[in-house]
Amino acid sequence: MAEETKKVKSVDAASNTMLEKAEKEGISTIFDRADKMKACNIGEQGTCCKICAQGPCRLPLPKKGIEGEDTRVGLCGATPNTIAARNFARMVAAGSASHSDHGRAVAEVFLATARGEAKDFKIQDTKKMVAVAKDFGVAVTVGEGDDEKPRDMTEIAIELGEKALAQWGQQEGEVPLAKRAPKARYDLWKKLDVIPRGIDREVVELMHRTHMGVDQDYENIILQSTRAALADGWAGAMTSTELQDILFGSPVPVHGEINLGVLKDDEVNIIVHGHEPLLSEMLVVASRTPEMQELAKAKGAKGINLAGMCCTANEILMRHGMPIAGNYLQQELAIITGAVDAMVVDVQCIMENIANVAKCYHTKVITTNVRAKMEEPNVVHVQFDEHHALDNAKQIVTEAIDNYKNRRSEVLIPDEKATMVAGFTLESIEYHLGGSFRGTYFTLNDNIINGRIRGIAGVVGCNNARTSHDSSHLVLVKELLKNDVIVLTTGCNAMACGKAGLLTPEAAKEFCGPGLKEICETVGIPPVLHLGSCVDNSRILTAATAVVNAGGLGNDISDLPAAGAAPEWMSEKAIAIGQYFVASGVYTLFGVGLPVTGAPVFQDYLFNKIEDTFGGKWDVSDDPMVIAQKMIDHIDKKRKELGIDKARERVLFDMEARRQIDEDVA
Ligand code: NFS
Ligand code: SF4
């Protein structure tokens, strides 16, 4: 672990205030547990196999390293490479399953809405629906020639819903959105036979192949991992993004506020935490009804304050400008303020310990999804059902209002909150950077070609309690900006950037190199564009494709001066995302560490050889400055290959400048 990333628990002042309060009140948080429990050295290397009862077979690297032939094998003879590849593959399967099952839930609600069975929902963006319907092969007109006219919107919606949902159970052929990739990429996938046939099928096959005694060729395991990962990025997750936009409205840039300071002393605070925006959309509606507002006032509160946490937060921010209380590592800390009257959770990234922390305060934890229950007695379950969505939402808001009076002593809400602009999409980037009349990616490409923008970075992903909260995110993003690399962000990185003031147009002046600064100031955009939640990483894929299609920067995503990173990753979803980025041609760097070090041959495949196949590859460093440097070097290499490398000098940092950065984040 790089020293500077371990120095402090968090670089976020609001979080540190809450950690002090936690200590004073004797509350255990993930930050304390990370200090006390060391990660397992063998698991960290990726070479612990526990897929059958003859194991766990543990194959750590010898202390002295491998001398001569590597003779390590498990009971069945599995090599470290097979074991690490299987473990890696199962992370891809779980990650892909998580995003995709979210997508399935969205598709089901979409279809129910189209059929008029989910009365509280209404399709918001019919223009986008028509565009997406075409990609799914749904007819959008009827009649021919002079008789051709637009098809009935309800019919389009129902057929789109059916076709979208059919992707999960599809057994042969291809998932429809794979064709959205640049032609060269699509052809490559076709040649390699990695285009997903159906979403569930690829995850099931990957689980089968990694069962005891099946696939024993790490390259072959990674091919199927690729197919499962593409079933996430270009099918399950992409479908979530598209149908959420159609159903709830495509985001446009909005102002919002972020950090624990958005909680209010004198209002009912409800935090929605998790990932699926289905219920939270309804909670937005419910909390704004006069009925609920009056009830809150009758119980002594000035109003109802709905704030988000983790990706659910990104969803309601993007579409409604609702405030965000914090990212992944702040979920316990929000409760410790003593001001959260209800924490409403759906699925994914919900720490089991929030129920324990809630016991020490008055906070009511409410689970809402049958897939994600908690056994603690202080947790209430209100099952979300799309057919009664508004009633469910009102019931939850009422629970929170009733709980307002139960706040115990010492409420402490940190002062910190930052303003930000979020809600960028494929479509809105086109609008901002292309102008409303031209409306294409040409202008962006021009500015990449002329060197004002050096390249594009996607910086995404989680927080991880093994590193200093938000630190690597910020060091990396600031370093990229200084070097004129525009940053696209999602997930918990987006929130880290928001808290640090990087999601404002004004940030350009302070943080960017001269070229990027000029562009951001002319166009009036922040240098870091917030594209949404983690399923919205699909927006990065479609934006990269739009850049390829606008011309002048090669024929494929792998030709672009672009790179991706997840400096504080922790979730299996991040591995699925990483693999679909690599398979889409992106150089992808992870922080913290990757569980492959115990299998040097397999590691070399992921970090080097795989590039010959996909034009993208994995890399790792726990030092965000090293990640930045590698991304910039890669961007420069691609610029050179494209013949647009003239007059670009990397800003070199002397020790003084670097020390300054460390002080800034500490
Ligand atoms: Ni992404 Fe979002 Fe955050 Fe990581 Fe979890 S909230 S889906 S998985 S921790 S970025
Ligand atoms: Fe051990 Fe092989 Fe069983 Fe894995 S599959 S636990 S290596 S015997």
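Nothing here was measured: the structure is a model prediction, and the numbers come from that model.

1. Focus: the coordination of the nickel atom of ligand 1
Thought 1: No protein donor other than Cys534 (SG) coordinates the nickel atom of ligand 1, and that contact is at 2.1 Å.
Thought 2: Geometry at the nickel atom of ligand 1 is irregular, judged from its four donor atoms and the angles of 89 to 163° they form at the metal.
Thought 3: Along the polypeptide, Cys534 turns up in the loop between strand 15 (528-530) and helix 23 (537-550).

2. Some thoughts on the site of ligand 1
Thought 1: Contacts to ligand 1 come from His275, Cys310, Cys311, Tyr328, Cys349, Gly461, Cys462, Cys492, Cys534, Met570, Ser571 and Lys573.
Thought 2: Placement of ligand 1 is best described as lying within the largest cavity.
Thought 3: Looking at the shell around ligand 1 residue by residue, the class counts come to eight nonpolar, three polar and one charged.
Thought 4: When we break the shell around ligand 1 down by domain, the ones giving at least three residues each are domain 2 (260-406) and domain 3 (420-665).

3. Observations regarding the site of ligand 2
Thought 1: Looking at ligand 2, the residues that line it are Cys49, Ile51, Cys52, Gln54, Gly55, Cys57, Gly74, Leu75, Cys76, Ala78, Arg86 and Met212.
Thought 2: A majority-of-atoms criterion places ligand 2 in the second largest cavity.
Thought 3: For the shell around ligand 2, a count of residues per class yields eight nonpolar, three polar and one charged.

4. Comments concerning the domain arrangement of the chain
Thought 1: Domain boundaries assigned for the chain yield domain 1 (80-248), domain 2 (260-406) and domain 3 (420-665).
Thought 2: Domain 1 and domain 2 are separated by 30 Å when their C-alpha centres are compared.
Thought 3: Each partner contributes to the interface: domain 1 provides 17 residues, whereas domain 2 provides 17 residues.
Thought 4: Between domain 1 and domain 2, roughly 1400 Å² of surface is buried when both sides are summed, and carbon and sulfur atoms account for 59% of that area.
Thought 5: Of all residues in domain 1, the largest losses of buried area upon contact with domain 2 belong to Asp120, Phe121 and Phe248, amounting jointly to 39% of the total for that side.

5. Side note on the nonpolar core
Thought 1: Phe88, Phe602, Leu606 and Met631 are the most contacted members of the largest nonpolar core, which has 211 residues in total.
Thought 2: Apart from residues no more than four positions distant in its own chain, Phe88 is found in contact with Ile222, Ile575, Gln579, Val596, Phe602, Leu606 and Trp618.
Thought 3: The next biggest cluster of nonpolar side chains, apart from the first, holds five residues, and it includes Cys49, Cys57, Ala78 and Ile83.

6. Notes on helix 23
Thought 1: Over its 14 residues, helix 23 runs 20 Å from end to end, which matches the ideal 20 Å to within 8%, given 1.5 Å per residue.
Thought 2: The buried count for helix 23 comes to 13 of 14 residues, which makes it a mostly enclosed element.
Thought 3: Phi turns positive, to about 95°, at Gly551, one or two residues after helix 23.

7. A short note on the sheet that holds strand 15
Thought 1: Strand order in this open sheet of six strands is 15-14-13-16-17-18, and the pairing throughout is parallel. Either end of the sheet is taken by a strand with one partner, and the two such strands are strand 15 and strand 18 (618-620). When strand polarity is set aside, the average angle formed by the axes of neighbouring strands in this sheet is 25°.
Thought 2: The sheet contact formed by strand 14 (residues 485-489) and strand 15 spans three bridges and is parallel. Bridge assignment links Val487 to a residue of strand 15, and that residue is Val528.
Thought 3: Across the sheet, helix 26 (residues 624-642) lies against strand 13 (455-459), strand 14, strand 16 (562-566), strand 17 (588-590) and strand 18, angled at about 160° from strand 16, the strand it touches most.

8. Quick notes on empty space enclosed by the protein
Thought 1: Counted by the stated rule, this structure contains four cavities of 30 Å³ or more.
Thought 2: Taken as a whole, the largest cavity holds about 430 Å³ of empty space.
Thought 3: Of all the secondary structure elements, the ones that give two or more residues to the lining of the largest cavity are helix 13 (310-320), helix 17 (426-434), strand 13, strand 14, helix 23, strand 16, helix 24 (572-583) and strand 17.
Thought 4: Lining the second largest cavity are 14 residues, with Cys49, Cys52, Cys57, Cys76 and Arg86 sitting closest to its centre.
Thought 5: Of the residues contributing to the lining of the second largest cavity, the split by class is nine nonpolar, four polar and one charged.

9. Examining the pairing of strand 10 (residues 364-367)
Thought 1: Sheet topology places strand 9 (residues 342-345) next to strand 10; four bridges connect them, and they run parallel. Each residue of the ladder has a partner; that of Ala342, found in strand 10, is Lys364.
Thought 2: For the handedness criterion, the β-α-β arrangement of strand 9, helix 15 (residues 353-359) and strand 10 is classed as right-handed.
Thought 3: Bridge analysis of strand 10 against strand 11 (residues 379-381) gives three bridges, and the strand direction is parallel.

10. Quick word on the packing of helix 6 (residues 126-135) against helix 7 (residues 153-169)
Thought 1: One can describe the packing of helix 6 onto helix 7 by two numbers: an axis separation of 10 Å at closest approach and a directional angle of 50°. Comparing the axis directions of helix 6 and helix 7 gives the class oblique. In the packing of helix 6 onto helix 7, the handedness of the crossing is left-handed. Across the interface between the two elements, Thr126, Met129, Val130, Val132 and Ala133 from helix 6 touch Met153, Ile156, Ala157 and Leu160 from helix 7.
Thought 2: When its residues are assigned to classes, the contact of helix 6 with helix 7 shows eight nonpolar, one polar and no charged.

The rules behind the values
Residues numbered from 1 in each chain as written. Chains lettered and ligands numbered in written order. Predicted model: local features only at pLDDT ≥ 70, side-chain atom pairs only at ≥ 80, totals over all residues. Heavy atoms only, no water. Donors = N, O, S within 2.8 Å, 3.2 Å for Na, K, Ca; no water. Tetrahedral: all angles 85-135°; square planar, octahedral: opposite > 155°, others 65-115°. Helix = DSSP H or I, 4+ residues; strand = E, 2+ residues; numbered from the N terminus. Near = heavy atom within 4 Å. 1 Å grid on protein atoms, 1.4 Å probe; cavity = no way out; pocket = protein on both sides within 12 Å on 5 of 7 lines; lining within 4 Å. Sits in = over half its atoms within 2 Å of the grid points. Nonpolar A, V, L, I, M, F, W, Y, C, P; charged D, E, K, R; others polar. Domains from an automatic or database assignment. Contact = heavy atoms within 4.5 Å. Buried area = accessible area lost by both parts, 1.4 Å probe. Core = buried A, V, L, I, M, F, W, Y, C linked by side-chain atoms within 4.5 Å. Buried < 20%, exposed > 50% of the residue type's maximum accessible area, 1.4 Å probe, protein only. Expected span 1.5 Å × (residues − 1). Pairing = 2+ DSSP bridges. Axes fitted to C-alpha atoms, helices over the stretch in contact; angles between N-to-C directions. Points joined across faces, edges and corners; volume = space filled by probe spheres on them. Right-handed = clockwise from strand over helix to strand, strands pointing away. Parallel < 35°, antiparallel > 145°, perpendicular 65-115°, else oblique. Left-handed = near helix turned anticlockwise from the far one by under 90°.

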